Amino acid sequence: MNIEKATLENAIDIANIEKICFPPAEAANLESIKQRINTFRNQFFILVDNSKIIGFINGIVTDIENLNDEMYENASLHNENGKWQMIFGIDILPEYQNKGYAGMLMRHFIENAKNENRKGVVLTCKEKLLSFYEHFGFSNEGISQSEHGGGCWYQMRLIF
């Protein structure tokens, strides 16, 4: 397994994984994936197994403290010198889930944010994933202002 920065050549595979891992109302489309790679490639990582992309993690950097829905659609909100690393999603193909690969990506992403001197990492997740993120030191800040895809999201924060 290798963790690499995503490239535009990976965009179709990434978009297909996104469609598998998230319902249509929540999944980023191919154009959004391409825009994200172009805008914040330094914060967009893929997990590769024998040249097959099996998962990825990504998110913008910003001085805005809370993750909001506009961030998902507007990559121009990315500020490479921002204080907070946001996580938009961590996707692992179903046949590779529950094998520690999401944890590999998460640890890599957190370490990358630390190395870039961020104040911390912020994400939103569904209730069933709260304990997964708490395992990495994230604190539950309660129900998020996000209405992304019509779901109920909880905001989680890890401060360095």
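Right above here is the structure, for reference.
Because the structure is a prediction, the values reported are computed rather than measured.

(A) Here's a closer look at the environment of G59. Note that G59 resides in the loop between β3 (52–58) and β4 (61–62). For the pair G59 and E9, spaced 50 residues apart in the sequence, the C-alpha separation amounts to 19 Å. If we skip the residues at most four places from it in the chain, G59 touches F40, Q43, Q85, M86, I87, F88 and F109.

(B) Representation of the pairing of β3. Most of β3 is tucked away, with six of its seven residues classed as buried. Pairing of strand β2 (residues 44–49) with β3, which is carried by six bridges, proceeds in the antiparallel orientation. Residue pairing across strands places L47 opposite G55, the latter belonging to β3. Hairpin connection from β2 to β3: two residues lie between these consecutive antiparallel strands, with N50 at a positive phi of about 50°. The pairing of β3 with strand β6 (residues 89–92) spans four bridges and is classified as antiparallel. Residue pairing for β6: N58 is matched across the bridge by G89.

(C) Summary view of unusual backbone geometry. Even without glycine at this site, S51 takes up a positive phi of about 70°. Mapped onto the fold, S51 is located in the loop between β2 and β3. For S51, a relative accessible area of 73% puts it in the exposed group. The phi torsion at N98 lies on the positive side, around 65°, for a residue other than glycine. Tracing the backbone shows N98 in the loop between β6 and α4 (101–115).

Criteria and thresholds
Once a new chain begins, its residue numbering starts again from 1 and follows that chain's sequence as written. It should be noted that, the model being predicted, local features are given only for residues of pLDDT at least 70 and side-chain atom pairs only at 80 or more, the latter also being counted only at that level, while totals for whole chains, interfaces and linings use all residues. Side-chain figures throughout are based on the complete set of non-hydrogen atoms in the structure, without hydrogens or water. A run of H or I in DSSP becomes a helix once it reaches four residues, and a run of E becomes a strand once it reaches two; helices and strands are each numbered from the N terminus. Residues are treated as being in contact if the distance between any of their heavy atoms lies within 4.5 Å. The buried label applies to any residue whose accessible area, calculated with a 1.4 Å probe on protein chains only, is under 20% of its type's maximum; exposed applies above 50%, and partly exposed to all values in between. Strand pairing is assigned whenever DSSP detects at least two bridges linking the two strands.

Interpretation note: all reported values are geometric properties and have no functional meaning in isolation.
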